[in-house]
Amino acid sequence: MSSTGSGGGGARRTGSAGGAAARARLRRGARPTAPQPPAGRRRPGAAAAPEAPQPAQPAPTLSVPGPGAQPAPRSRPGRPFPGGPSEPPRGPGTPAEGSLLDMLKVAIAILDTAGRVVLWSPAAEELLGWPNELLVGRRIEELIPDQEQVARIRAAIQDTLRHGRWAGHAELRDRDGVPVAVDARISLLVDGDGTPFLQASLAEAAAVRAVERDLAVRDALFEQSPLGIAILDTELRYTAVNQTLAEMNGVALEDHVGRTTGETLPERAADEITTIQRQVLATGEPVIDVTLASPVTARSGYRSISYSRMTDRSGRVLGISGTVMDVTERYRAVAKVEHARRRLSLLNEFGSRVGDLLDASRIAQELAGSVVPRLTDHSAVILLQAVAHGDDLPRHGHDRRTSLLQLGTASVQDGPEVEVMLRRGARITFAEDSACGRVLRTGVPELLSGADQLDDVTYPGDPKMQAAHDLGVHSMLVVPLRARGIVIGLLLVSRAGYREGFDRDDLAFTVELADRAGSSLDNARLYARERTAALTLQRTLLPQQVPQPTGVEVAYRYVPGSSGTEVGGDWFDVIPLPGDRTALVVGDVMGHGLRAAATMGRLRTAVRVLAALDLPPDVLLRHVHELADDLAQGPDEALLATCVYAVFDPGTAKLTVAKAGHIPPVLVVPGEEAEEPTRTGGPLPGGSGRILDLPSGAPLGVGGVPFEAVELKIPEGSLLALCTDGLVESRDKDLDVGLGRLITVLQEPYASIQAACEAVLDTMEQGREPDDVALLLARLGHGQAGTPTAGWTLPAEPTAVSRARRLVRSTLTEWGVEALTDTAELLVSELVTNAVRYASAPIGVRLTLGETLLVEISDPLPDPPRERHAAEADEGGRGLELVRRLALHWGARAEGIGKVVWFEQALPGNEPVES
């Protein structure tokens, strides 16, 4: 090895390398010219590059700015991050850069013992910017204008020559005069001839510090991190793990290296982790924060694992790295929050499911079903019989004689054992010192575990507990159902099989659930009691016996509202009237509950009393309306009711109807092809139905709209239907739809009028409002077959009296009831005389022989007759008194523009017995 400064040969040997470096700098944008030499020195000509330099020609000198000079701009661009976006694309054949040396470049310079540069590597040229051709043969000191630094370098060279190596820091200036701190290593080299040389390895100090810092961070993270860290190769074998992960796995550090996860951890835990590792290695997609159960090793619990693939800077896959964090506390905290959320959700769900229920049996079943399987495997709700039936709660304490019913049951499975243990509706008995007995007496819940405690639930030898043993029940809670401090039942929940037993948290939650259920159950009991009282009152106020008047066959149905609503004020009535006439009434008081039922009773009584006066339908409704204030539920609540009132006269086949805001009646007329309809008990032939077109009238208590009556001629065997709105109204359909459905049903033939009632109820709209339903069907005939009837019209003249007597005598003789002739002639004579005296239009006389003899005298005067008490000297005024004394019944009614005065006589052998 020879020095380049000995002659031009060295310059020629290095010229090619220096030219290549210069061309590389030109491609990177560096300045191609060397710095200007000092004055007095000739600058070497660039054009003389092809010629060998003359040996006598002095070598060019280095021009390095002094310490006080402003540094020139850097002539080379900043080095891009290898593989980064600013890295220039590699050409074909360019070796891939992926080594750490690409980040930490080490510049090599060979010096002789005098400190002259013998070799200057391309890395050194890139580091300091000085080309090879300018430095070879020059002292390295020329790059260090600072004398203190020069002294340090000289001392370093001498120290290397003595000891063979030196290491330290130095500061060199690059070609632009910018100081570059380097980390230097100098080693002594000897060639084959024994000539010593110095090898200087230079690295930029900032890059060295960065690598050292990164290594320190790595060491700190790897060795001191609370996270478990693992490095695995492409065969998924551990190459490095930290102490934290070794402790997590319960396996020593040295036992990890070279092994896979499957060879380190238990099989069940390793399978899932290995699957994740293979996925990350194959796809390169990282897996972040996957929570798994810890393997059964030194530390149990839950772990969060994360894996990512590692590649070098050339893109070659090196393996995967993973971090493992112990998240047991976090998982348990989250699980506890989720557990509380599920419990709260169960409470809210149960509240919403029973919030609108007012039936104790349904609430009990909802309670039993809501806790299976989320809280328990089997559940039973046991209630006092008083709660189930809506009775008053017992005032004394509970004992073994307390009547209990098992009304709610639920289980995760079926089978004969479940049927024995959880039979719905079973009567429950218990010993006073049993768990059920203690909880009923004290109201303190109990948690039972083990066979000995479970045998103590009810009484020794209870088949239900034997069935529980067969089902594998090992833990049970006996919790009281309370309302206003009184135990009204028990909630029994049990777990079986491998399910974890109950704890104190489960007991506290079950008590909270039972307290909510207890309030709902007591509300259902109170409602059932009030509804029972309202139904009892309503049924008492409704007709106990419905008569079957002459010429009318009646069928009826009354359906109280469902348990989801209170009883209403619907009612119906069938009222016999004089002259074989019949009043048919259906009404509906607005509102529900006891007060509506009581108001209904008062309204029905008022209608019956006014009907006894034989008032026309419109007049009767007007009088009831005038009584509205007295019939109201209270001084601050007005009466509001609807009503339809119809009077049918079988003798004339006339129907007079008026309504007050009520559902219109439906009339079904038999078809022409129908056979002669029977009047009682026979089949209904069906026919053509229609809604009666009546003036609507205002509801009772509203006023402002007059009531109007409509009179209709009714064909023989027609069917009249009166009902309340609960039968035909629904939430989402018009009233006309319900009435149309009613007509369609009634137009069909039926075996009897009772069968027609059942058919109507069977077709009620399922979505209708849960209101009361009152239905009254009446088949209208023209009186009983074979009933003798006779009638005449007489002029309003004095001769009408004698003629009426003769007609009556001859008719009664013809009918074979001569025994009634004398009394009948006398009473007819008195009534016709009164009519002739005050009337100027024709007078009607009609006789009907049924169960009694009915005599009717009609005239056009609207004023009813008034009975007077005649003095002994009076010649008249005793006619009506005679009628009252001699007739079985008598009365007067309005008819058309006039009136009808009537009386009845008992047939021979049917005279009433005087008491």
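### A word on the overall build of the protein chain
Within the protein chain, the regular secondary structure consists of 25 helices and 31 strands. Sequence separation of at least 24 residues holds for 64% of the intrachain contacts in the protein chain that already meet a minimum separation of 6. Summed over all atoms, the accessible surface of the protein chain reaches about 45,800 Å², with 52% contributed by carbon and sulfur.

### Overview of the sheet that holds strand β26 (residues 773-780)
Sheets are built from strands paired through backbone hydrogen bonds, the pairs being either parallel or antiparallel. Taken in spatial order, the 5 strands make up an open sheet running β17-β26-β25-β22-β23, and their pairing is antiparallel. Either end of the sheet is taken by a strand with one partner, and the two such strands are β17 (552-559) and β23 (688-691). Along the sheet, successive strands turn relative to each other by an average axial angle of 15°, direction set aside. As paired elements, strand β22 (residues 666-669) and β23 share 4 bridges and run antiparallel to each other. Residue pairing for β23: Val668 is matched across the bridge by Gly689. Of the strands in this sheet, β17, β25 (718-723) and β26 are in contact with helix α22 (residues 753-762), which crosses β17 at around 30°.

### Regarding the sheet that holds strand β19 (residues 581-592)
What the 5 strands build is an open sheet, ordered β18-β19-β20-β21-β24; its pairing is antiparallel. The open sheet has two free edges, formed respectively by β18 (568-577) and β24 (710-713), since each of these has just one partner strand. Going across the sheet, the axis of each strand differs from the next one's by a mean of 15°, ignoring polarity. Both β19 and strand β20 (residues 641-649) contribute to a ladder of 8 bridges, which runs antiparallel. Counterpart to Leu584 in the pairing with β20 is Ala646. Against the sheet, helix α18 (residues 594-612) contacts β18, β19 and β20, and its axis sits at roughly 15° relative to β18.

### Concerning the side chain of Ser304
Tracing the backbone shows Ser304 in strand β9 (residues 302-311). Judged by its relative accessible area of 4%, Ser304 falls in the buried class. A distance of 2.2 Å separates the side chain of Ser304 from the side chain of Asp289, its partner in a polar contact. Apart from residues no more than four positions distant in its own chain, Ser304 is found in contact with Asp289, Val290, Thr291, Thr323, Val324, Met325, Val327 and Arg330.

### Thoughts on the confidence of the model for the protein chain
On average, residues of the protein chain score 80 in pLDDT, and 83% of them are at 70 or above. Residue range residues 1-96 is modelled with pLDDT below 50. Its contacts to residues more than four positions away, or to other chains, number 108 contacts.

### With respect to empty space enclosed by the protein
Evaluation of the coordinates by the stated rule reveals 7 cavities of 30 Å³ or more. In this model, the largest cavity occupies a volume close to 160 Å³. If you go around the largest cavity, you meet 17 residues; those closest to its centre are Ala380, Gln406, Met421, Leu422 and Leu492. Of all the secondary structure elements, the ones that give two or more residues to the lining of the largest cavity are β11 (378-384), α16 (463-470) and β16 (486-496). For the lining of the largest cavity, the leading source of residues is β11, giving 4 residues. By volume, the second largest cavity is sized at about 140 Å³. Contributing to the lining of the second largest cavity are 14 residues, with Ile140, Ile153, Ile186, Ala200 and Leu202 lying nearest its centre. Counting only elements with at least two residues in the lining of the second largest cavity, the list comes to β1 (106-111), α4 (147-163), β3 (165-173), β4 (179-190) and β5 (196-204). Here the lining of the second largest cavity is composed, by residue class, of 14 nonpolar, no polar and no charged.

### Some remarks on the pattern of salt bridges
Following the criterion strictly, the structure yields 37 salt bridges and no others. Where Arg185 meets Asp183, a salt bridge forms, and the shortest distance between an N and an O atom there is 2.7 Å. Judged by relative accessible area, Arg185 falls into the partly exposed class, the value being 40%. Among the salt bridges present, the one from Asp462 reaches Lys464, with a minimum N-O distance of 3.1 Å. The same class applies to Asp462 and to Lys464, which are both buried. In the salt-bridge network here, residues are joined through shared partners; they are Asp183, Arg185, Arg209 and Glu212.

### What to know about the packing of helix α11 (residues 360-370) against helix α17 (residues 504-541)
Where α11 meets α17, the closest approach of the two axes is 9 Å, and the angle between their N-to-C directions is 165°. What the angle tells us is that α11 and α17 run roughly antiparallel. Of the two elements, α11 crosses α17, and the hand of that crossing is right-handed. Residue-level contacts link Ala360, Ile363, Ala364 and Leu367 of α11 to Leu513, Ala517, Ser520, Leu521 and Ala524 of α17. Taken together, the residues that form the contact of α11 with α17 break down as 8 nonpolar, 1 polar and no charged.

### Some thoughts on the packing of helix α23 (residues 799-815) against helix α24 (residues 821-838)
The interhelical angle for the contact between α23 and α24, taken along N-to-C directions, is 150°, at an axis separation of 9 Å. By the criterion of interaxial angle, the relationship of α23 to α24 is roughly antiparallel. Classified by chirality, the crossing of α24 by α23 is right-handed. Along its contact with α23, which presents Ala800, Val801, Ala804, Arg805, Val808, Arg809 and Leu812, the element α24 presents Thr821, Asp822, Ala824, Glu825, Val828, Ser829, Val832, Thr833 and Val836.

### Observations regarding the nonpolar core
Leu383, Met476 and Leu481 are the most contacted members of the largest nonpolar core, which totals 63 residues. Counting residues per element, this core draws most heavily on α17, which supplies 8 residues. Among the nonpolar cores identified, the runner-up in size contains 54 residues, and Leu603, Ala641, Ala660 and Leu776 belong to it.

### Focus on the environment of Thr848
Turning to its location among the elements, Thr848 is positioned in strand β28 (residues 843-849). For Thr848 and Pro788, which are 60 residues apart along the polypeptide, the C-alpha to C-alpha distance reads 5.9 Å. Excluding its chain neighbours within four sequence positions, the residues that come into contact with Thr848 are Asp580, Thr787, Pro788, Thr789, Trp815, Leu853 and Leu854.

### Concerning helix α9 (residues 267-283)
The terminal C-alpha atoms of α9, which comprises 17 residues, lie 24 Å apart, in line with the 24 Å expected from a rise of 1.5 Å per residue. Listing the buried residues of α9 in full gives Ala269, Ala270, Ile273, Thr274, Ile276, Gln277, Val280 and Leu281. Looking straight down α9, one finds its buried side chains confined to an arc of 165°; they lie on one side. Across α9 from its buried face, at more than 90 degrees, point the exposed residues Glu267, Arg268, Thr275, Arg278 and Ala282. Buried positions along α9 lie against β6 (228-232), α8 (261-264), β8 (287-293), β9 and β10 (317-326). Gly284 sits one or two positions beyond α9 and adopts a positive phi of about 80°.

### A few points about the environment of Pro131
Mapped onto the secondary structure, Pro131 falls in the loop between α2 (122-128) and α3 (132-135). Judged by relative accessible area, Pro131 falls into the buried class, the value being 1%. A sequence separation of 10 residues divides Pro131 from Ser121, and the C-alpha atoms of the two residues are 9.2 Å apart.

### Overview of the side chain of Thr261
Mapped onto the fold, Thr261 is located in helix α8. Among residues more than four places away in sequence, those in contact with Thr261 are Leu232, Leu236, Tyr238, Ala270, Ile273, Thr274 and Gln277.

What counts, and where the lines are drawn
- Residues numbered from 1 in each chain as written.
- Predicted model: local features only at pLDDT ≥ 70, side-chain atom pairs only at ≥ 80, totals over all residues.
- Heavy atoms only, no water.
- Helix = DSSP H or I, 4+ residues; strand = E, 2+ residues; numbered from the N terminus.
- Contact = heavy atoms within 4.5 Å.
- Areas by Shrake-Rupley, 256 points an atom, 1.4 Å probe, with all protein chains shown as cover.
- Pairing = 2+ DSSP bridges.
- Axes fitted to C-alpha atoms, helices over the stretch in contact; angles between N-to-C directions.
- Buried < 20%, exposed > 50% of the residue type's maximum accessible area, 1.4 Å probe, protein only.
- Polar contact = N/O pair within 3.5 Å; in protein donor to acceptor, adjacent residues only side chain to side chain.
- pLDDT = per-residue confidence, 0-100.
- 1 Å grid on protein atoms, 1.4 Å probe; cavity = no way out; pocket = protein on both sides within 12 Å on 5 of 7 lines; lining within 4 Å.
- Points joined across faces, edges and corners; volume = space filled by probe spheres on them.
- Nonpolar A, V, L, I, M, F, W, Y, C, P; charged D, E, K, R; others polar.
- Salt bridge = Lys/Arg side-chain N within 4 Å of Asp/Glu carboxyl O.
- Parallel < 35°, antiparallel > 145°, perpendicular 65-115°, else oblique.
- Left-handed = near helix turned anticlockwise from the far one by under 90°.
- Core = buried A, V, L, I, M, F, W, Y, C linked by side-chain atoms within 4.5 Å.
- Expected span 1.5 Å × (residues − 1).
- Arc of directions from axis to C-beta.

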